[in-house]
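Residue-level listing of the chains:
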Amino acid sequence: MEGQILQIVAWVFLGVGAVFSLIGGIGLIRLPDFYTRMHAAGMTDTLGAGGILIGLMFLSGFNLVTAKLIFILLFIFFTSPTSSHSVAKAAMGAGFKPLLQRRD
Amino acid sequence: MRTVALTICLAATWLLLSGHYDPLLLSLGAASCVLVAWIAWRMDVVDHEGFPIHLSWQAVLYWPWLIFEIIKSNIDVALVILRPSMPISPTVLTVKTTQGSELGQVIYANSITLTPGTVSLRVYDDKIDVHALTKAGADGIAAGEMDRRVTLMDASGAKTGGKSGGRGG
Amino acid sequence: MMLIAVTAGILITMALALLRAVVGPTIYDRILAVNVFGTKTVLIIAVLGFLTGRPDFLDIAIIYALINFIGTIAVLKFIRYGNLSQAGPRAATGNPPEDDI
């Protein structure tokens, strides 16, 4: 019974993660310019990765595997803003102007 | 003192990642932890910034709030992307930061970037240029709730951090 | 069953990211797409480890996460300076080189 509840919780988290990474991928294609695409990439890195990894944690039970998953999750959470900020800053430095207030 | 704490953290990470508990491997792991801590101490990178243990208590309060914000803005951005008309209004705004230390400013900038819908483009002096996907996201940053919370965490860290930093040399 | 669906979702996202990397008009779009692709690779290695019942795959996922981050920073630094060995022009004034990337 308890195992089943854990299983369902794991599925919910995995589903949320997969859906949000899919939406992020769609956003990566649909959004009009580089700076806006960055937001879609941030989405796949936070709730996409977080949902899938937390879902796997519930699936694995509590052991060394959980600790490794937490390690991966923390690492992604700490590095993803750093790399997006680096890309954004490099693009700014190269003189790309963000698309502002699209009116159409 | 920070070097000792760093050694303990490294040892914990080693135990977590290896999963082997033979005496030989344990001693090799302990030796590598001490070696890395010694090199870090010699390079003089074990300081307030490189190893911020002083932030731990307030960070416990800050993280759940940040995760809640991330989930909220994820849903906002997802809805914007999925709507066929895609009602985006990209804005660039400059916000003033009120953190005392550079570390606090970095935490604030990273929190902004970690929240989807807003990305920090440039950090300078006591300002951050922020690119926001929607008007609502820009207003949320301009309201300054996150800034206030990071400042609170950073200020309490600076007090205790100053004390332990003085002891550690 | 659920894991297969999740794998499919990640694979589709990877395909979309790869498409953006191929068509992306600027080099920064490509870097961003490759970064997303790398994060998804970490996730798919972890999920595949569970799918095939071999959690040892997680070690590979950890290494991939490290390499993905360092690779992104290295490519950006290379674009900026055309050289990976020097700290950059600002190093002389005492600012850390990461500041410039």
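Residues numbered from 1 in each chain as written. Chains lettered and ligands numbered in written order. Predicted model: local features only at pLDDT ≥ 70, side-chain atom pairs only at ≥ 80, totals over all residues. Heavy atoms only, no water.

Moving on, we come to the overall build of chain C. Looking only at helices and strands, one finds three helices and zero strands in chain C. The 101 residues of chain C split such that 43% are buried. (Helix = DSSP H or I, 4+ residues; strand = E, 2+ residues; numbered from the N terminus. Buried < 20%, exposed > 50% of the residue type's maximum accessible area, 1.4 Å probe, protein only.)

Below, the discussion takes up helix H1 (residues 2-30) of chain A. For H1(A), built from 29 residues, the straight-helix expectation of 42 Å at 1.5 Å per residue is met to within 8% by its first-to-last C-alpha distance of 42 Å. Residues Ala10(A), Leu14(A), Gly15(A), Gly17(A), Ala18(A), Phe20(A), Ser21(A), Ile23(A), Gly24(A), Gly25(A), Gly27(A) and Leu28(A) constitute the buried set of H1(A). (Expected span 1.5 Å × (residues − 1).)

In this section: the interface of chain A and chain C. On the chain C side, the residues contacting the 41 residues of chain A number 39 residues. Of the roughly 3,600 Å² buried where chain A meets chain C, counting both sides, 80% is carbon and sulfur surface. Viewed at the interface, chain C and chain A are joined by two salt bridges. Counting the contacts that link chain A with chain C gives eight residue pairs in polar contact (both at pLDDT 80 or more). Ranked by residue count, the leading element in the side of chain A that touches chain C is helix H3 (residues 64-93) of chain A, at 15 residues. Broken down by class, the residue content of the side of chain A that touches chain C amounts to 27 nonpolar, 10 polar and four charged. (Contact = heavy atoms within 4.5 Å. Buried area = accessible area lost by both parts, 1.4 Å probe. Salt bridge = Lys/Arg side-chain N within 4 Å of Asp/Glu carboxyl O. Polar contact = N/O pair within 3.5 Å; in protein donor to acceptor, adjacent residues only side chain to side chain. Nonpolar A, V, L, I, M, F, W, Y, C, P; charged D, E, K, R; others polar.)

Turning next to the sheet that holds strand S1 (residues 91-96) of chain B. Sheets are built from strands that pair by backbone hydrogen bonding, the pairs being arranged parallel or antiparallel. Spatial ordering of the open sheet is given by S1-S3-S2 (chain B), a layout of three strands whose pairing is antiparallel. Both edges of this open sheet fall to S1 and strand S2 (118-124) of chain B, since each of them pairs with a single strand only. Going from strand to strand, the sheet's axes swing by 25 degrees on average, the running direction of each strand aside. Pairing between S1(B) and strand S3 (residues 127-132) of chain B: six bridges, direction antiparallel. Paired with Thr91(B) across the two strands is Ala132(B), which belongs to S3(B). Most of the contacts of helix H2 (residues 34-60) of chain A go to S2(B), to which it runs at about 115 degrees, and overall it touches S2 and S3 of chain B. (Pairing = 2+ DSSP bridges. Axes fitted to C-alpha atoms, helices over the stretch in contact; angles between N-to-C directions.)

Bridge analysis of S2(B) against S3(B) gives six bridges, and the strand direction is antiparallel. When the sheet's bridge partners are listed, Thr118(B) is paired in S3(B) with Ala132(B).

As enumerated under the stated definition, the model contains seven salt bridges over all chains in all. A salt bridge links Asp29(C) to Arg37(A), with the shortest nitrogen-to-oxygen separation between them at 2.5 Å. Remark: Arg37(A) occurs in helix H2 and Asp29(C) occurs in helix H2 (residues 27-51); the pair is interchain, linking two chains. Both residues of the pair, Asp29(C) and Arg37(A), belong to the buried class. Of the charged contacts in the structure, one is a salt bridge between Lys68(A) and Asp59(C), with a shortest N-O distance of 3.0 Å. Taken together, the positions of Lys68(A) in helix H3 and Asp59(C) in helix H3 (residues 57-81) put the pair across two chains. Judged by its relative accessible area of 9%, Lys68(A) falls in the buried class. Residues participating in the shared-partner salt-bridge network are Lys96(B), Asp126(B) and Lys127(B).

Once that is clear, we can look at the packing of helix H1 (residues 2-23) of chain C against H2(C). All names here are of chain C. Two elements in contact, H1 and H2, have axes separated by 9 Å at closest approach and are oriented at 160 degrees. When the axis of H1 is compared with that of H2, the two are roughly antiparallel. The way H1 lies across H2 gives a crossing that is left-handed. When its residues are assigned to classes, the contact of H1 with H2 shows 20 nonpolar, three polar and three charged. (Parallel < 35°, antiparallel > 145°, perpendicular 65-115°, else oblique. Left-handed = near helix turned anticlockwise from the far one by under 90°.)

On to the packing of aromatic side chains. Scanning the entire structure with this criterion turns up seven aromatic pairs over all chains. Relative to Phe69(C), the ring of Phe75(A) lies with its centre 6.5 Å away and its plane at 90 degrees, an arrangement referred to as edge-to-face. Note that Phe75(A) is positioned in helix H3 and Phe69(C) in helix H3, a pairing that runs across two chains. Plain terms: the ring middles of Phe78(A) and Trp63(B) are 6.0 Å apart, the flat faces sit at 90 degrees to each other, and that makes the pair edge-to-face. In this pair, Phe78(A) is assigned in helix H3 and Trp63(B) in helix H3 (residues 56-82), connecting two distinct chains. One aromatic cluster is present, formed by Phe34(A), Tyr35(A) and Tyr28(C) through successive ring pairs. The ring of Tyr124(B) carries the charged tip of Arg122(B) above its face, separated from the ring centre by 4.4 Å. (Phe/Tyr/Trp six-rings, centres within 6.5 Å; stacked < 30°, edge-to-face > 60°. Lys NZ or Arg CZ within 6 Å of the ring centre and 35° of its normal.)

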